[in-house]
Amino acid sequence: MPTIQVSTEEMTKQLHFTREIRNWNEAYTATTGRVRTACVRTFGCQMNEHDSEKLSGMLTQMGFLMVPEYSVNEEPKIADLILFNTCCVRENAEEKVYGHLGALKGAKRIKPTMITGVCGCMTEQPHAVEEIRRVYKNVDLVFGTRAAHKLPEYLHQVIFDNKRVLEVSKTEGEVAEGVPVERADDLKAWVTIMYGCNNFCSYCIVPYVRGRERSRKATDILAEVRGLVENGIQEITLLGQNVNSYGKDLEDNDGITDFADLLDLLCRETEIPRIRFMTSHPKDLSDRLIAAIARNKSVCNQLHLPVQSGSSRVLKEMNRKYTREEYLDLVARIRKAVPEITLSTDIIVGFPGETEADFEQTLSLVEQVRYDSAYTFIYSKRVGTPAATREDQVPEDVVKARFDRLLALQNSIGREINDGLVGRTLEVLCEGPSRTNEDRMTGRTEGNKIVNFIGGDGNLRGKMVRVHIDHAQTWSLEGTAEL
Ligand code: 5AD
Ligand code: SF4
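A brief structural summary. As the structure is a prediction and not an experimental result, all values here were calculated from the model.

1. A word on the site of ligand 1
Around ligand 1 sit V89, R90, Y203, Q308, D346, I348, F377, I378, Y379, S380 and R382, and that is every residue in its neighbourhood. At 2.9 Å, a side-chain N or O of R90 approaches an oxygen atom of ligand 1. With respect to ligand 1, the side chain of D346 contributes an N or O atom lying 2.6 Å from an oxygen atom. Alone, ligand 1 offers 410 Å² of accessible surface; in the complex the protein occludes 85% of this.

Here it is, written out as structure tokens:
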């Protein structure tokens, strides 16, 4: 089914609601001398971080002052609007949100005018919306990821019709262009290139909560990146659940047929110094893409390539559509074309039915690939996914012991790789002083490694700096600027 764009009439309607709320906020300031505040709290992945930048963009346009924190018991510091942008990939992400919602019940008694909203992946699940409706009566507004561009309309109903709005998404999802964005960083920016996922890995809830794959048009992406470059952005990360299937759903994309074409286009038509992207599904990573990474200087030599398990049997049950051997062959082809590439991955420990032998296959794959870093997760049962109803769930203590072994192995490999960089000089995009030590600068290499370094006059933010690496740690490097 071809991707449907949200119509301009719909976006104009949202602008109308935005203006009415803005007037309401301005009238409040005129009579009280106060500005209504709003806080967006984000859980989960980069996609959610970026969605929150859009939510903040819309709220700013509505006249709210965005604040980074809120209080639950000091009246003046309880934000006028608190919006939770949630995640449901693992159970603990949901539990945290319920904890926060519970803590806000008291705040609502202290400040009855406050508005609490919950959006994002968790609220795409009817059972979560029902739980909020029943237990968290302090929540005024609920909507899912696919309806996020309608925030002005929903908020308008809460404010002016005094309604409790609890929406469950009814569409497969569309692509909304023209939503304002309040970016958190002026050096690095996220750019969504596609939404949704068609893969249905048997453990994963994402396809159910984010809908089918929808790509943005290349011309819209290009216009956005050009605008970012004009505003001094030095690095973009292209986001999608599976960027390698970019464009497959578009009938007419001005000659851009796939993700490799999109990378070529952005490198040819803009001056962006660094491009990263995530996430790549191994089954769809083409030789055309490998060649595009190798040929384009701006495309960073860095790849996030989730493997999930090292056992072909488990991979089959996960519905990943590649074997251990195919994955290893892919890694070999990538390394041949781009020898300096840094690799990271995602691994799930304790998928139902995972035996000791399966797990050892994961350990041996990690040893063979030698990832620079790995995000390791304990399998979490997600209602509605095929794996959740399996009877052969692995006992908690067994999973925990395996998880610790995997982490120890990966940490030692990461450390060894970093040790091998001592003595080299690497190019670092400086992000400014380190948060933990003001006397040092911090930044990242093309391979996305964090480098803390000394030297320079404190004015290096936004500059590419050559840094001599003096020491290595497990998750970062230390060095001296060569100025
Ligand atoms: N349990 C544990 N980890 C999961 N992931 C996705 N679903 C689950 C689950 N049910 C992990 C995968 C994915 C990453 C974003 O989250 O490793 O790549
Ligand atoms: Fe989930 Fe698999 Fe889609 Fe990734 S590719 S979002 S793990 S279903």
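2. Some points on the site of ligand 2
Contacts to ligand 2 come from C197, N199, F200, C201, Y203, C204, V206, P207, Q241, H281 and R320. Looking at the shell around ligand 2 residue by residue, the class counts come to seven nonpolar, three polar and one charged.

3. What about the layout of surface pockets?
Its boundaries defined by the atoms lining it, the second largest pocket holds a volume of some 590 Å³. Forming the walls of the second largest pocket are 27 residues, and the residues nearest its centre are E340, T342, R424, L426 and G447. For the lining of the second largest pocket, the secondary-structure elements that each account for two or more residues are strand 15 (425–433) and strand 18 (464–472). With three residues, strand 15 is the largest single contributor of residues to the lining of the second largest pocket. Tallied by class, residues from the lining of the second largest pocket come to nine nonpolar, seven polar and eleven charged.

4. Here's the deal with helix 4 (residues 126–135)
What helix 4 keeps buried is the set A128, V129 and I132. Burial along helix 4 is one-sided: seen end-on, the buried residues are contained in an arc of 100°. Among the structural elements, helix 3 (91–110), strand 4 (115–120), strand 5 (141–142) and strand 6 (165–166) are those in contact with the buried residues of helix 4.

5. Observations concerning empty space enclosed by the protein
The gaps of empty space that remain are located by a probe, the size of a water molecule, rolled over the atoms. Counting across every chain of the model gives two cavities of 30 Å³ or more. For the largest cavity, the calculated volume is near 250 Å³. Together, 15 residues line the largest cavity, and K54, T145, A148, H149 and Y195 are the ones closest to its centre. Examining the composition of the lining of the largest cavity, we find that four residues originate from one element, helix 2 (residues 46–61), more than from any other. Broken down by class, the residue content of the lining of the largest cavity amounts to seven nonpolar, two polar and six charged.

Parameters and conventions
Residues numbered from 1 in each chain as written. Chains lettered and ligands numbered in written order. Predicted model: local features only at pLDDT ≥ 70, side-chain atom pairs only at ≥ 80, totals over all residues. Heavy atoms only, no water. Near = heavy atom within 4 Å. Polar contact = N/O pair within 3.5 Å; in protein donor to acceptor, adjacent residues only side chain to side chain. Areas by Shrake-Rupley, 256 points an atom, 1.4 Å probe, with all protein chains shown as cover. Nonpolar A, V, L, I, M, F, W, Y, C, P; charged D, E, K, R; others polar. 1 Å grid on protein atoms, 1.4 Å probe; cavity = no way out; pocket = protein on both sides within 12 Å on 5 of 7 lines; lining within 4 Å. Points joined across faces, edges and corners; volume = space filled by probe spheres on them. Helix = DSSP H or I, 4+ residues; strand = E, 2+ residues; numbered from the N terminus. Buried < 20%, exposed > 50% of the residue type's maximum accessible area, 1.4 Å probe, protein only. Arc of directions from axis to C-beta. Contact = heavy atoms within 4.5 Å.

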